[in-house]
Amino acid sequence: MSKQTKLLKIKDDRLRFQMKSVKVKLYLKPRDSQYFIRQHAVIVLINDTNNRQVVHPITQFLFENWKYREYNTQKIHANNLIQFLNWLLINQRQLRVSSLSDIQFKHATAFLNLLTREGKSRTTVMSIQRTLTQFYYYLSKKGLLAKITDQLFQKKSIPQLPNKKYVASPFKGVILPSNGDSNIAHMIPEKYILPFIETVVRVANPIALGVYIQFFGGLRQGELVNLRRTDVTSIGAFGEDGLILKLRKNVLRPDLIDSSGAAGVKKERTQLVFPVNDWLQILYKNHLNTYKATDGSDALFVNRDGRAMSGRGYRYYFEKAKEAFLGLLKHSDDPKDKIAALKLRGYKWSTHIGRGIFTNLLAEEAQNPYDIALPRGDSSLSSSIVYQGNTLRMKENLEARMNDLYKDYLPKLLGVRNQ
């Protein structure tokens, strides 16, 4: 048995696999002081008895396949794999698996079917199946599987890209869940958009501007917490006609290791935030006058200590506002609000719902794909003529829509503020 195969032993039932996040300094040039920080997912073995942990050699599988991909991609595959590895640890005697070299296709099939029986979504099971396909193929190419060789894998062409091939799943008898309704909410009813923002102002004011930017600019949480004041350009006084955000892969809190992957910019771009009435102007002016970084980071969003806000801190404020808002609906005199509270509480939703709301608002007013793709930052802004030509129309349409929706409702964004 080779040294590498011995490293794959999984006999100790006190151990479990876990995904960890590490951050590495990468210098732009040799002997240069300029560097950038890159986040990587690693797989560790943790001893439950003494809580000691060590990076497992199987992390090399992640590096060889997704080293240059975004951290969130690495994280997904790492978490997919550790579910399977921990299942092997727990059931190794019944499965007659004493090391990873003993695994066979039937083990992956049994695990995937278990996930289906447990009620996992089709998307989840298919994602794990893809990771395990790559994992088995990786081990077979290394010659680390006793009963599986790489000749047992079939490569197929991608229909849209015939010159590219992918490794097809070798697992027979996998029962995938049916396509059912997801329990993840991507939108709240439009009539609750402004009341929700007002609730944020009242109970979570440090992120009120951020929630507005998510709803009308489509930013992700990680993109917000890494914004600096100098990354924001105002169109008109305090964003009267919108904001232009310069999104770059800054890491304002390199001291934090955020395994959620919520602390980074997914795609560098320039992003427009649409103004609606004077909401953006009020929130932006209030935010600039109230919150300022004292740690030298120039962060737009800060915690109570004046340091750049972390992704976890932003989520804390958002969840606080969410609970307050659902409580408001629950105790409303309007039966429709009570029903909405029950529905929204039954779904999973957090900060990413802002991007869903933005997408839905754009979709209602869109006349062509650019109207959605470009404002969301889904494609290059090289088609600037199309982008700039449609921006004003989109702004006017969104504003008219909000005016019609809230014509009998006068917002008091600062009147309800309670820091």
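Located above this text is the structure these notes cover.
Along each chain, the written sequence defines residue order, and numbers are assigned to residues from 1. This being a predicted model, a pLDDT of at least 70 is required before a residue's local features are given, and a value of 80 or more before pairs of side-chain atoms are given or counted; all residues contribute to the totals for chains, interfaces and linings. The basis for every side-chain value is the complete set of heavy atoms in the structure, and neither hydrogens nor water enter the calculation.

Caption draft 1: A look at the overall build of the chain. Runs of E in the DSSP output that reach at least two residues are strands. Runs of H or I that reach at least four are helices, and both are numbered from the N terminus. What the chain contains, in helices and strands, is 14 helices and eight strands. The buried share of the chain, reckoned over its 419 residues, is 46%. Two residues form a contact once any of their heavy atoms are found within 4.5 Å. Across the chain, the fraction of contacts at a sequence separation of at least 24, relative to all contacts at a separation of at least 6, is 67%. For the exposure calls, accessible area comes from a 1.4 Å probe over protein chains only, and a residue counts as buried if that area is under 20% of its type's maximum, exposed if over 50%, partly exposed in between.

Caption draft 2: Representation of the packing of helix H10 (residues 311-330) against helix H11 (residues 335-346). Here H10 crosses H11 at 145 degrees, and the two axes come no closer than 7 Å. Of H11, the residues touching H10 (which contributes Glu323, Phe325, Leu326, Gly327, Leu329 and Lys330) are Asp337, Lys338, Ala340, Ala341, Leu344 and Arg345. Gly counts as polar in this scheme, as do all residues outside two lists: the nonpolar Ala, Val, Leu, Ile, Met, Phe, Trp, Tyr, Cys and Pro, and the charged Asp, Glu, Lys and Arg. Its residues assigned to classes, the contact of H10 with H11 shows six nonpolar, one polar and five charged. Axis lines are fitted to C-alpha atoms, over the contacting stretch for helices. Their N-to-C directions set the angle, which ranges from 0 to 180 degrees.

Caption draft 3: Representation of the nonpolar core within the structure. With 57 residues, the main nonpolar core has Phe196, Ile207, Val211, Tyr212, Phe216 and Leu245 as its most contacted residues. In contact with phenylalanine 216, not counting residues within four places along its chain, are Ile193, Ile197, Leu272, Val273, Phe274, Val276, Trp279, Phe358, Leu361 and Met402. The next biggest cluster of nonpolar side chains, apart from the first, holds 41 residues, and it includes Ile82, Leu85, Leu95 and Val167. Throughout this description, the term nonpolar core refers to a set of buried Ala, Val, Leu, Ile, Met, Phe, Trp, Tyr and Cys residues connected via side-chain atoms within 4.5 Å.

Caption draft 4: Quick peek at the sheet that holds strand E8 (residues 269-273). Here, strands pair whenever DSSP counts at least two bridges between them. Strand order in the open sheet made by the three strands is E6-E7-E8, with antiparallel pairing throughout. If you trace the sheet from one side to the other, it starts and ends with strand E6 (232-234) and E8, each paired once. Here the average twist between neighbouring strands, direction ignored, is 20 degrees. Here E6 pairs with strand E7 (residues 243-247) via three bridges, running antiparallel. What sits directly across from serine 234, in E7, is leucine 243. Against the sheet, helix H7 (residues 208-217) makes contact with E7 and E8, and its axis sits at roughly 100 degrees relative to E8, the strand it touches most.

Caption draft 5: Structural view of unusual backbone geometry. In this model, phenylalanine 238 sits at a positive phi of 50 degrees, which is unusual for a non-glycine residue. Residue position: phenylalanine 238 is located in the loop between E6 and E7. You can call phenylalanine 238 partly exposed: its relative accessible area is 32%. Of note in this structure, asparagine 277 is not a glycine but carries a positive phi near 50 degrees. Topologically, asparagine 277 is positioned in the loop between E8 and helix H9 (279-290). The class of asparagine 277 is partly exposed, set by a relative accessible area of 31%.

Caption draft 6: Main features of helix H2 (residues 59-66). Where H2 is concerned, the buried positions are Thr59, Phe61, Leu62 and Trp66. Looking down the long axis of H2, one finds its buried residues gathered within 155 degrees of arc, a one-sided arrangement. By definition, the arc is the one covered by directions from the helix axis to the C-beta atoms.

Caption draft 7: Spotlight on the environment of leucine 398. Within the secondary structure layout, leucine 398 lies in helix H14 (residues 384-405). Note on leucine 398: relative accessible area 1%, which makes it buried. For the pair leucine 398 and leucine 361, spaced 37 residues apart in sequence, the C-alpha to C-alpha distance is 7.4 Å.

Caption draft 8: Molecular detail of the pairing of E8. Within E8, four of the five residues are buried, which leaves the element mostly enclosed by the surrounding structure. One ladder, built from five bridges, connects E7 with E8; its direction is antiparallel. Residue pairing across strands places leucine 247 opposite arginine 269, the latter belonging to E8.

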